[in-house]
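# Coordinates in review
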Amino acid sequence: MIVDKINRLKAEKNAVILAHYYQEDAIQDIADYVGDSLALARWAAETDAEVIVLCGVHFMAETAKILSPHKRVFLPDMNAGCSLADSCPPEAFSEFVKQYPGHTVISYVNTSAAIKVLTDIVVTSSNARQIVDSFPVDAKLIFAPDRNLGNYINSVTGRNMVLWEGACHVHERFSLEKILELKKEHPNAMILAHPECKSVILKIADHIASTSGLLNYATKSKNQEFIVATESGILHEMQEKNPTKTFIPAPPNDSTCACNECNFMKLNTLEKLYDCLKNETPEIFLDAQTIEAAAKPIRRMLELSDQLGL
Ligand code: 13P
Ligand code: SF4
């Protein structure tokens, strides 16, 4: 069976499999750790394994390589990109930053290494609010690349950060009308939303948080039903941790499908994971200068998150 073959190879090569919640169920089931972007970065920085197979998207594997440069890092499908990371090209961003002298650059982890090099501190959706709040109220801040997350943080922290106009194609396509219809059918359901969703969706949400934040909230809540507005892969772990509760994926506006999937995340499969461990490719490579410069804002985030108890 492919699962046994993967486990054998993993042991032979002293590899660890790290997976994001948006991966297909079979990958989440075989992974050593399943978590959000912040947890993946922490595990990548701390693991003793010689090889990291990052089942997620390219920026996550790149972050793992930056934090563990002496380890080999593999991504089962090199085409697993991210529309949000792609919405912030380094040359254009560098010009943008020049227009705001004296500003601190805060970047969401969903960015390329080249953007991280231009960044003062990285954030994830698990710690963005608290990290922004750690700056003085009158600090001049740039936030990139997600405009929805940036607007949300501006609204909850009372800041006026300059925003880069990027977005995630998955979180932008949730349908307000379809979610409201679902809410009529399930009046007791709570609406949970990721802050990458548009403000019209966030306005009707009962709780807004990162993937792990939504999972923890649903697990602690006494409520029995939830409409979940983030990539539908998270429902696997939500259901596993809460077998008696009902989780309904929020639908997108542009398809007949009831759930919203990230086509990049779903490029990774068990077969590709097996091939990647067996053939030791595709591998992430970065030059030493980029690693050194990009590590600073990521390490600054990890240190501050630890200090803040996040
Ligand atoms: P989290 O950090 O909440 O896991 O989000 C990652 C992501 O890609 C959201 O689209
Ligand atoms: Fe990127 Fe959006 Fe996919 Fe997350 S869901 S990896 S932000 S494209």
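Overview of the structure. (Residues numbered from 1 in each chain as written. Chains lettered and ligands numbered in written order. Predicted model: local features only at pLDDT ≥ 70, side-chain atom pairs only at ≥ 80, totals over all residues. Heavy atoms only, no water.)

The next thing to look at is the pairing of strand S12 (residues 246–249). With four bridges connecting them, strand S11 (residues 225–229) and S12 associate as parallel partners. Residue Ile227 lies in a different strand from S12, and its bridge partner there is Ile248. After leaving S11, the chain enters helix H14 (residues 234–241) and then returns to the sheet as S12, a path that is right-handed. (Pairing = 2+ DSSP bridges. Helix = DSSP H or I, 4+ residues; strand = E, 2+ residues; numbered from the N terminus. Right-handed = clockwise from strand over helix to strand, strands pointing away.)

Below, the discussion takes up the state of the cysteines. As enumerated under the stated definition, the model contains zero disulfides in all. Unpaired in terms of disulfides, Cys276 finds its nearest cysteine sulfur in Cys55, a separation of 7.2 Å. (Disulfide = S-S within 2.5 Å.)

Let's shift gears to the packing of aromatic side chains. Per the stated rule, a full pass over the model turns up six aromatic pairs. With a centroid separation of 5.5 Å and 85° between ring planes, the pair formed by Phe93 and Trp164 is classed as edge-to-face. In this pair, Phe93 is assigned in helix H6 (residues 90–98) and Trp164 in the loop between strand S8 (162–163) and helix H10 (169–172), connecting sequence segments 71 residues apart. There is no split in this pair, since Phe93 and Trp164 are both buried. Taken together, the ring pairs connect Phe93, Phe96, Tyr100 and Trp164 into an aromatic cluster. Over the ring of Tyr274 we find Lys5, and its NZ or CZ is 5.0 Å from the ring centre. (Phe/Tyr/Trp six-rings, centres within 6.5 Å; stacked < 30°, edge-to-face > 60°. Buried < 20%, exposed > 50% of the residue type's maximum accessible area, 1.4 Å probe, protein only. Lys NZ or Arg CZ within 6 Å of the ring centre and 35° of its normal.)

Before going further, it helps to examine the sheet that holds strand S10 (residues 207–208). With respect to topology, four strands assemble into an open sheet ordered S10-S9-S11-S12, the strand pairing being parallel. The sheet terminates laterally at S10 and S12, the two strands that pair on one side only. Two elements, strand S9 (residues 190–193) and S10, share two bridges in a ladder whose sense is parallel. When the bridges of S10 are listed, Ala193 appears paired with Ile208. Relative to the sheet, H14 contacts S9, S11 and S12, its axis offset from that of S12 by approximately 170°. (Contact = heavy atoms within 4.5 Å. Axes fitted to C-alpha atoms, helices over the stretch in contact; angles between N-to-C directions.)

Take the sheet that holds strand S2 (residues 33–35) next. A sheet is described by the order of its strands in space; here four strands give the open sequence S2-S1-S3-S4, paired in parallel fashion. Strand pairing shows two members of the sheet lacking a second neighbour, S2 and strand S4 (72–74), which therefore form its edges. Taking the axes of each pair of neighbouring strands and ignoring which way they run, one obtains an average angle of 20° across the sheet. Where helix H4 (residues 58–67) meets the sheet, it contacts strand S1 (15–20), strand S3 (51–55) and S4, and its direction lies at approximately 175° from that of S4. Along the sheet, helix H15 (residues 270–279) contacts S1, S3 and S4; its crossing angle with S3, the most-contacted strand, is approximately 160°.

Time to look at the site of ligand 1. Every residue lining ligand 1 is accounted for by His20, Tyr22, Asp36, Ser37, Tyr108, Asn110, Ser125, His171, His194, Glu196, Ser210 and Thr211. Contact distances for ligand 1 include 2.7 Å between an oxygen atom and a side-chain N or O atom of Ser37. Here an oxygen atom of ligand 1 and a side-chain polar atom of Glu196 are 3.0 Å apart. Against a free-state accessible area of 300 Å², the protein chains account for coverage of 96% of ligand 1. Tallied by class, residues from the shell around ligand 1 come to two nonpolar, eight polar and two charged. (Near = heavy atom within 4 Å. Polar contact = N/O pair within 3.5 Å; in protein donor to acceptor, adjacent residues only side chain to side chain. Areas by Shrake-Rupley, 256 points an atom, 1.4 Å probe, with all protein chains shown as cover. Nonpolar A, V, L, I, M, F, W, Y, C, P; charged D, E, K, R; others polar.)

Take the site of ligand 2 next. In the vicinity of ligand 2, 13 residues are found, and the nearest of them are Cys82, Asn110, Cys168, Glu196 and Cys262. With three residues, H10 is the largest single contributor of residues to the shell around ligand 2. Its residues assigned to classes, the shell around ligand 2 comprises eight nonpolar, four polar and one charged.

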